[in-house]
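Remarks on the overall topology
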Amino acid sequence: MLKILSTQLAGVFQRISAQEEEQFEDAARLFAQAIISDGTIFVYGMDEMEAVVAEALHGAEKLPNVKPLNMNELTTADRVLIVSRFCTDEEAIRIAKQLHEQNIWTIGMSSIAESSKPSLVDYVDVHIDLCLKQPLVPTEDGSRIGFPSAVVALFAYHSLVLMTKEIVAEYK
């Protein structure tokens, strides 16, 4: 099972890298603008996606001036990253909608789920699809297990940080 999980996870990483390159570039530009203009990058993670918040705040390669989301501190120089398992998460949508109404540049990271309801994608300026729609490992009874959403989100976050640092270094 470990080999299957590893192979499937590598496939998800490759899909993200191939399909979301333009979104990573756009999001990295938004982050770089905040860094260069002394704005703050606020990060909000739903449920298990708090792992991204922990990495952003305490990781070995943090971006400058990153804080957990505080709606009372926002200015137009700031950027917000919202991370949820699926784009249909009601709390993520509520926050994104509020930020949209305040004209705060917002990046969303979530897997796109088919739905006719409003989506996180509808209220963020850039959305990065985490490309994780179902558990990765098939079992003998035909079901599937292994839904490493936080691992995938951390991969996407690190990709975004690398691109942001590259843009900021070019600016200097």
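You'll find the structure just up there.
Residues numbered from 1 in each chain as written. Predicted model: local features only at pLDDT ≥ 70, side-chain atom pairs only at ≥ 80, totals over all residues. Heavy atoms only, no water.

As for the packing of helix H3 (residues 50-58) against helix H5 (residues 149-171)
In the contact formed by H3 and H5, the axes pass within 9 Å of each other and the chain directions differ by 35°. For the pair H3 and H5, the sense of crossing is right-handed. The residues of H5 that touch H3, namely those facing Ala51, Val52, Glu55 and Ala56, are Ala150, Ala153, Leu154, Tyr157 and His158. When its residues are assigned to classes, the contact of H3 with H5 shows 7 nonpolar, 1 polar and 1 charged. (Axes fitted to C-alpha atoms, helices over the stretch in contact; angles between N-to-C directions. Helix = DSSP H or I, 4+ residues; strand = E, 2+ residues; numbered from the N terminus. Left-handed = near helix turned anticlockwise from the far one by under 90°. Contact = heavy atoms within 4.5 Å. Nonpolar A, V, L, I, M, F, W, Y, C, P; charged D, E, K, R; others polar.)

Focus: the sheet that holds strand E1 (residues 41-45)
One open sheet accounts for 5 strands, arranged E2-E1-E3-E4-E5; its pairing is parallel. For this open sheet the edge positions go to strand E2 (66-68) and strand E5 (126-129), each flanked by a neighbour on one side alone. Strand-to-strand twist in this sheet, taken as the mean axis angle between neighbours without regard to direction, amounts to 20°. Where strand E3 (residues 79-86) and strand E4 (residues 105-111) come together, 6 bridges link them in parallel fashion. Along E4, the bridge assignment pairs Val80 with Thr106. Each of E1, E3 and E4 is contacted by helix H4 (residues 90-101), which is oriented at about 160° to E3, the strand it contacts most. (Pairing = 2+ DSSP bridges.)

Points about the side chain of Ser84
Among the secondary structure elements, Ser84 is positioned in strand E3. Polar contacts involving the side chain of Ser84 include one to the main-chain carbonyl oxygen of Phe86, which spans 2.9 Å. Sequence-distant contacts of Ser84, defined by excluding residues within four places in its chain, comprise Met46, Met49, Asp89, Ala92, Met109, Ser110, Ser111, Leu120 and Leu130. (Polar contact = N/O pair within 3.5 Å; in protein donor to acceptor, adjacent residues only side chain to side chain.)

Notes on the packing of aromatic side chains
Taken as a whole and judged by the stated rule, the model has 2 aromatic pairs. On the numbers, 5.8 Å between centres and 50° between planes, the contact of Phe86 with Phe147 is tilted. You can see Phe86 sitting in strand E3 and its partner Phe147 sitting in the loop between strand E7 (144-145) and H5, a full 61 residues away along the chain. (Phe/Tyr/Trp six-rings, centres within 6.5 Å; stacked < 30°, edge-to-face > 60°.)

Description of helix H2 (residues 21-36)
A rise of 1.5 Å per residue sets the reference length of H2, with its 16 residues, at 22 Å; its end C-alpha atoms lie 22 Å apart and thus fit the reference within 8%. All buried positions along H2 are accounted for by Phe24, Ala27, Ala28, Leu30, Phe31, Ala32, Ala34 and Ile35. Contacts made by the buried residues of H2 are with helix H1 (2-19), E1, E3, E4, E5 and H5. Trailing H2 by a residue or two, Asp38 shows a phi angle of about 60°, which is positive. (Expected span 1.5 Å × (residues − 1). Buried < 20%, exposed > 50% of the residue type's maximum accessible area, 1.4 Å probe, protein only.)

A closer look at the pattern of salt bridges
For the structure on display, the rule yields 6 salt bridges. A salt bridge links Glu25 to Arg29; its shortest N-O distance comes to 3.9 Å. Taken as a pair, Glu25 and Arg29 lie in helix H2 at a separation of 4 residues, close to a single helical turn. The class of Glu25 is partly exposed, set by a relative accessible area of 29%. Residue Arg29 is classed as partly exposed on the basis of its relative accessible area of 41%. Note that Glu48 is salt-bridged to Arg85, the shortest N-O span being 2.8 Å. Here the residue Glu48 occupies a position in the loop between E1 and H3, and Arg85 occupies one in strand E3, the gap between them amounting to 37 residues. By sharing partners, the salt bridges in this structure join Glu25, Asp26 and Arg29 into a single network. (Salt bridge = Lys/Arg side-chain N within 4 Å of Asp/Glu carboxyl O.)

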